[in-house]
Amino acid sequence: MVRWLLLLVFTLAPLIGFEVYSHARLRAEREAELGQEALRLLDLIDVEQGRIIDDIEHILATLVEANIAGPGCQETMERLGQRLPSYLTLGFADRSGTVRCATDRRIVGTGVANQPEVQQALSTGRFALGDYIVAKGLDRHVLPFAMPYAHDKADASGNGSDAVVVTALLDLDWLRQYQAHKPLPPNTTVLLADSNGTIIVRVPDIPGLVGQPLPERLNLFLNGDRTATALTEGLDGVPRIVAYSPPGVNGNGLAVAVGIDHAAALRAVDVVALRSWFPFLVILLLTLTGTAWGIGRLTRQRETERALLKAVLEHLRAGVVVAEAPTGRVILHNGAAERLIGQPLGRIERVEDYPRPFTGGPSEGSGELPLVRALRDGAVVRQEELRRDTPTGPITCLADAEPVRDPDGCITLAVVTLTDLTERKAAEEALRRSETRFRELVENTPVMMWINRPDGGREYYNAAWRTYTGRSLEQGERWSYIHPADYPRLLDCRERGIAAGESYGFDVRMQRHDGVYRWHVCRINPMRQNGQIIAWVGTAVDVHDSRMAREAAEQADRSKSRFLAAASHDLRQPMQSMFFFAEALHSHVHSPRGRDALAMLERGMETLKGLLDSLLDVSQLDAGVIEPRIEDIPIKPLLDDIGSSYAPVAAAKGLDLQVVNHHDLTVRSDRNLLGRMVRNLVENAIRYTERGVIRLECHPLDGHAGIQVRDTGIGISGEQMSWIFEEFYQVGNPERDRNQGLGLGLAIVQKLSALLGHPVEVRSELGKGSVFRISVPLGDAADSPAPAPSPREPERGRLAVLIDDDAIVLMGLRSIFQDWGYDTIVASSTEEALDRLRAAGRRPDVMVADYRLREHKVGTEAILKIRELAGAAIPAVLLTGDSGPDVMQEAERHGIGVMFKPVTARLLQEALTRQTGTAA
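Cut-offs used in this document
Residues numbered from 1 in each chain as written. Predicted model: local features only at pLDDT ≥ 70, side-chain atom pairs only at ≥ 80, totals over all residues. Heavy atoms only, no water. Phe/Tyr/Trp six-rings, centres within 6.5 Å; stacked < 30°, edge-to-face > 60°. Helix = DSSP H or I, 4+ residues; strand = E, 2+ residues; numbered from the N terminus. Buried < 20%, exposed > 50% of the residue type's maximum accessible area, 1.4 Å probe, protein only. Lys NZ or Arg CZ within 6 Å of the ring centre and 35° of its normal. Axes fitted to C-alpha atoms, helices over the stretch in contact; angles between N-to-C directions. Left-handed = near helix turned anticlockwise from the far one by under 90°. Contact = heavy atoms within 4.5 Å. Nonpolar A, V, L, I, M, F, W, Y, C, P; charged D, E, K, R; others polar. Pairing = 2+ DSSP bridges. Disulfide = S-S within 2.5 Å. Salt bridge = Lys/Arg side-chain N within 4 Å of Asp/Glu carboxyl O.

1. With respect to the packing of aromatic side chains
Thought 1: Inspection of the entire model under this criterion finds eleven aromatic pairs.
Thought 2: Plain terms: the ring middles of Phe 221 and Tyr 244 are 5.3 Å apart, the flat faces sit at 35° to each other, and that makes the pair tilted. With Phe 221 in helix H5 (residues 220-223) and Tyr 244 in strand E10 (residues 239-245), this residue pair connects regions lying 23 residues apart in the sequence. Tyr 244 carries the same exposure label as Phe 221, and that label is buried.
Thought 3: Centroid distance Trp 465 to Tyr 481: 5.2 Å. Interplanar angle 85°. Geometry classified as edge-to-face. Linking Trp 465 in helix H12 (residues 463-469) with Tyr 481 in the loop between H12 and helix H13 (487-500), this pair joins segments that are 16 residues apart in sequence. For the residue pair Trp 465 and Tyr 481, the accessibility class agrees, reading buried in each case.
Thought 4: The rings of Tyr 87, Trp 174 and Tyr 178 are connected pair by pair, giving a single aromatic cluster.
Thought 5: Sitting above the plane of the Trp 519 ring, Arg 547 keeps its charged end 3.6 Å from the centroid.

2. Notes on the environment of Leu 879
Thought 1: With respect to the helices, strands and loops of the structure, Leu 879 is situated in strand E32 (residues 876-880).
Thought 2: The class of Leu 879 is buried, set by a relative accessible area of 1%.
Thought 3: Placed 18 residues apart in sequence, Leu 879 and Gly 897 show a C-alpha to C-alpha distance of 8.7 Å.

3. Structural notes on unusual backbone geometry
Thought 1: With an omega dihedral of -5°, the bond running from Val 203 to Pro 204 counts as a cis peptide bond.
Thought 2: Within the element layout of this structure, Pro 204 appears in the loop between strand E8 (199-203) and H5.
Thought 3: Here Asn 187, not a glycine, exhibits a phi torsion of approximately 60°, which is positive.
Thought 4: Checked against the element boundaries, Asn 187 lands in the loop between helix H4 (172-180) and strand E7 (188-193).
Thought 5: Here Asn 187 falls in the partly exposed class, since its relative accessible area comes to 45%.
Thought 6: Unlike most non-glycine residues, Asp 702 shows phi in positive territory, near 50°.
Thought 7: Within the secondary structure, Asp 702 is located in the loop between strand E25 (693-701) and strand E26 (704-710).
Thought 8: Taking relative accessible area as the criterion, Asp 702 reaches 72% and is therefore assigned exposed.

4. What about the packing of helix H16 (residues 635-652) against helix H17 (residues 671-687)?
The relative placement of two packed helices comes down to the angle between their axes together with the axis-to-axis distance.
Thought 1: Packing of H16 against H17 brings their axes to within 11 Å, and their N-to-C directions diverge by 30°. Once H16 is placed against H17, the crossing between them reads as right-handed. Contacts from Ile 635, Leu 638, Leu 639, Asp 641, Ile 642, Tyr 646, Val 649 and Ala 650 in H16 reach Arg 671, Leu 674, Gly 675, Val 678, Arg 679, Val 682, Glu 683 and Ile 686 in H17.
Thought 2: Among the residues making up the contact of H16 with H17, the classes are represented as eleven nonpolar, one polar and four charged.

5. Details of the sheet that holds strand E17 (residues 448-452)
Thought 1: Across the sheet, five strands lie side by side as E18-E17-E21-E20-E19; this open sheet has antiparallel pairing. Only two strands of the sheet have a single partner each, and these edge strands are strand E18 (458-461) and strand E19 (504-511). Neighbour-to-neighbour, the strand axes of this sheet turn through a mean angle of 25°, independent of strand direction.
Thought 2: Taken together, the eight bridges between E19 and strand E20 (residues 517-529) define a ladder with antiparallel strand orientation.

6. Here we look at the state of the cysteines
Thought 1: According to the stated counting rule, one finds one disulfide in the structure shown.
Thought 2: Each sulfur of the disulfide joining Cys 73 and Cys 101 lies 1.9 Å from the other. In this structure, the disulfide formed by Cys 73 and Cys 101 twists by about 55° around the S-S bond and is classed as right-handed. In this pair, Cys 73 is assigned in helix H2 (residues 73-83) and Cys 101 in strand E2 (residues 99-102), connecting sequence segments 28 residues apart. When sorted by exposure, Cys 73 lands in the same class as Cys 101, which is buried.
Thought 3: No disulfide involves Cys 493; its sulfur sits 9.8 Å from the nearest other cysteine sulfur, which is in Cys 522.

7. Let's talk about the pattern of salt bridges
Should the charged atoms of two oppositely charged side chains come close, the side chains can pair.
Thought 1: Summed over the entire model, instances satisfying the criterion amount to 44 salt bridges.
Thought 2: The partner of Glu 402 in a salt bridge is Arg 382, and the shortest N-O contact between them spans 3.1 Å. Linking Glu 402 in strand E15 (residues 395-405) with Arg 382 in strand E14 (residues 381-388), this pair joins segments that are 20 residues apart in sequence.
Thought 3: A salt bridge links Arg 710 to Glu 697, with the shortest nitrogen-to-oxygen separation between them at 3.6 Å. In this pair, Arg 710 sits in strand E26 while Glu 697 sits in strand E25, placing the two residues 13 residues apart along the sequence.
Thought 4: Judged by its relative accessible area of 30%, Arg 710 falls in the partly exposed class.
Thought 5: The network of salt bridges with common partners includes Glu 48, Arg 51, Asp 55 and Lys 182.

This is the structure we're talking about:
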């Protein structure tokens, strides 16, 4: 009886162990699945919370940019509150930390200065998330937010605002309801806590839990340094598998945890395990019962046990065959074994009857099963791979065979288990084929490619690379084909990319097989498997020809700009002399016909001056030599001056030029460049308007000043709208009438718009006129500058020193000044002027000097030396064809006026009047 019981236990022991192992494995796999499910849900909730916080940040940023914290803020906020969701309350707090206006009046007057999020926002200058509080005035659980309010300037009505922070309160009851409506699996909980560990949301809700601190056992939700899972007891005492994300990890500032009921989730696994245990318990119960019934019933009981065991084996995926020794008769097997072997096994009575279906392993010659060797030789086989070919494909399995011996060491049984590897082998084969196809693709692609190991070490270069460089992987220095000047930059970029584990790229010169270096664009990308970098794949594309073509085009463009600037500068000298001599002719021409001819001459020169000014502006903007000087500018004097300057021009065409400026605004811009933009628009309007009105307007608009030029001219068609800002394009001038300019006015406006950051908008209707609007940022109001002195006639007998190395210009200057009643001293250099002043023994009253003199001298030097000789700050004006910033800065530093050639006599007289008036 004991022997049979021991035999029974020996027989069932592997099955018990297998069942225990299977049950444990199923539970472990199920727990791993639960952890992944919890992590998936956690990621969804993390993303949702991040979106909610980002939305609040965007709302606060919009309020900051809207600049509504001045007078009328409360009414504006209440209107805004009607459009905002009820769960969000917004407000502005002043420097004392008191809420001055809000979407809910109940929080107006409450103090927020001591709130951590407010202090953090003010100290960092960025959006900040606070911790759980009960909102004063609202008596609600809320999560506070804050953002510094940077608008410390005038609002649209000109009034200031002392608001320093804008706040938001998120209703936690709404947040809980929002989470509760999420479609979560049964027995799933969601927990949110702030950075201090205070519970703010729990789904399903537990009354009285919000506002309570997390239990000490859950502190891992706050202090971890990564997203993780853990098996822990929840707030309701139920053990759960929890996926959690600490505040410092998810970027939301909140601790988020998702828990799944551990026992409920594993209940199905335990039920399946109990069902699998049931046949075994039945076998054991029947065996014990049969033993008690006596030896007579033992045979029948043995058959019953075998039948039941066979039923159990049929449920195993592994094939099992048990044979007795020494005959080899199969006494036990399952369907999985027959499927893997490919033949029925139930009728095998001797060793010679065993099939030989397999190839591979030590038995490859005979093809016999490892079970035969275990029966015959007592061999123990471990993990032997066997292969059987079938019409549908090969079947591969792992065999483990072992003999069973009695106490005397004789073999009584042999057992073999066959584990199916077909699917795994197919996957491995598919991976090998994929790798082969990838390697062939890389090898045969016409683009140079290479593969490096995870540490960046060389592994493989394709045929295109080897053909281009004429090198193999083993030949020469690793970087010998890289231009030495590019190597440090390449190495630095490569080290940073590998350290970061991210794609990187660079432009580099690579040496072709014939020794020629050519430019290539290289890009290197990581290949990852299971999140780990397994290789780096690089490509190199030859861009030498396109790069050279681009550089040649850029050089040609720069040459064009330099040519235009030089040509414009050289043309200004003779133009200047023409202006002066034309002015000098006025006192010598008395007949009406002569005066008409002189007027036509001056009009033609004015047209030519406008063309040269436009060419110079374009060339300087293209060359990038103009640097704006941004300052606060009162806009009214600027527009009034432009209006008064062009009113006579408009009147000459029968047009009414009106300046409409009812707002005393100050803008941030460059005075000269902004004035140039407006003048070009006004000139354009006058040129293309035959009758009606031209209005120059300025209105405040969303933190900007909108400067508009509105006309009743010919208008612009839709197809022409995209061309009007192109250089040399003119609407309605097919004959290229130069009296209408070169078509550069709007091109200059667009270039200055990009330089200053002042957008230009156009609205137009063909035949009804156009509106051009410039948007200029508002600045701080400043004291209005003193009005310029009115022009006055110079007194007789005053002395003017005139310096220019161009004799014609110099003679023209002398004629004008003599007509104005000045005594003159003319000179072509600084030394000549000083010598003649000493000889005359007089102190000059005014000086006019060309900026560029011979021998690399400049007019500024001449003016300073004459001032030193005279011992006084003599009023002076520089005449120059260079409009670079250096000339302006040097002149301003010494209190010298600047006029850009060609200049008319009237403009020169106004400049001298301003200088002498300033000096007086």
